[in-house]
Amino acid sequence: MTQEELAEAAQVTQAALSRYEHDLRAPEPDVLEQLARALGVTPELLQHGDRMRGGIAVTAHMRRRATAKVSVWRSLEARLNMLRLHTKALRSEVGLRAELQVPAFDPAIDEPQDAARMVRLQWHMPVGPVHSLAAWMEAAGILIFEEDFGSAARVDGLSQWSDDYAVVMLNSAAPPDRKRLTLAHELGHLVLHSQYTDGDLEGHANAFAAELLMPAEEIKPMLRSRLTLARFVELKRYWGTSIAALIERAYQLGVLSSAERASLYKQMNNRRWRIHEPASDEVPIEAPRLVQHVADQLAAKGLDDDEIARLAGFSSPEENQLFVPRRPDSPWRHLTSV
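When we look at burial in helix H6 (residues 112-122), the residues that qualify are Pro 112, Ala 115, Ala 116, Val 119 and Arg 120. Seen from one end, H6 has its buried residues packed into an arc of 140°, which puts them on one side. His 124 sits one or two residues past H6 and shows a positive phi near 55°.

Below, the discussion takes up the pairing of strand E4 (residues 165-171). Most of E4 is tucked away, with six of its seven residues classed as buried. Across five bridges, strand E2 (residues 143-147) lies against E4 in parallel orientation. Paired with Leu 143 across the strands is Val 167, a residue of E4. Pairing of strand E3 (residues 155-162) with E4 involves six bridges; the strand directions are antiparallel. Residue pairing in the sheet places Gln 160 in a bridge with Val 167 of E4.

The next subject is the sheet that holds strand E1 (residues 61-64). Sheet architecture is open: four strands sit in the order E1-E3-E4-E2, paired in mixed fashion. Two strands in the sheet have a free side with no partner beyond their single neighbour: E1 and E2. Each adjacent strand pair in this sheet contributes to an overall mean axis angle of 15°, direction not counted.

The rules behind the values
Residues numbered from 1 in each chain as written. Predicted model: local features only at pLDDT ≥ 70, side-chain atom pairs only at ≥ 80, totals over all residues. Heavy atoms only, no water. Buried < 20%, exposed > 50% of the residue type's maximum accessible area, 1.4 Å probe, protein only. Helix = DSSP H or I, 4+ residues; strand = E, 2+ residues; numbered from the N terminus. Arc of directions from axis to C-beta. Pairing = 2+ DSSP bridges. Axes fitted to C-alpha atoms, helices over the stretch in contact; angles between N-to-C directions.

Structure, rendered in structure tokens:
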């Protein structure tokens, strides 16, 4: 919403709203109610939510392509901030116990690849491909929200810490192999950048994701045979990562030369594989379930839709599109959360 649209919906002057936004004046209780109603949230969420810097998420990380429009990723960052605030509101009322922990590493001291190996070790992940990375992350208390950014958004995911817990927003329009790499990338940010740090943050997250999903010790022996595109399709089916990611991994590990890498990308371009890779439908789909599980558990404890919405900081069940329980008459009642 623009400032003008919000002022009109809340029935306040734009000048007054500007003063509220710049912390030059606090709204009276009745005005706070009007603002909350216009935004579809509770007054408590507005009162206790963290201060946002110009609508941009504080300490947020994002996996986006260079061609992503600024207006798009600014909007997504603001959306991530709202997800974080609603999650924080809910967690202030409802405790969640995580089986695992998200360890913290300092990229100024620890190499991202070493951090990825330590995460695998601490989480007791088996050797080989990571099956259901979303489930591993959710076991560490990370809430993953899937939303359709649209294929033209050129943004794959965002992440942000919310006190001691983390929130990830994932583009549901992305293919399965890209989702997996995005989840690993955002986990890298959460592990390496829980505190503000200088340096190549995106490079750190990329190196972490590559080692987490394609450990050097395990994948390098598989890269000794002649590396044709057909071979990379086979590796994609096994590791669950894109052909492009596998080519980059082979190049990073010194198995592919610059000329061979360029030749493979040229072949992919000629086949239009850079747009739609083959075998993507054979990669297991990452299926986040913790958000739905939380909503179902609240309903199981006897809370109605209105109470759940208020706990999460929404003004009504109609505004609550995040924590929606599956009721007995829901078509999803046969599904279970794990």
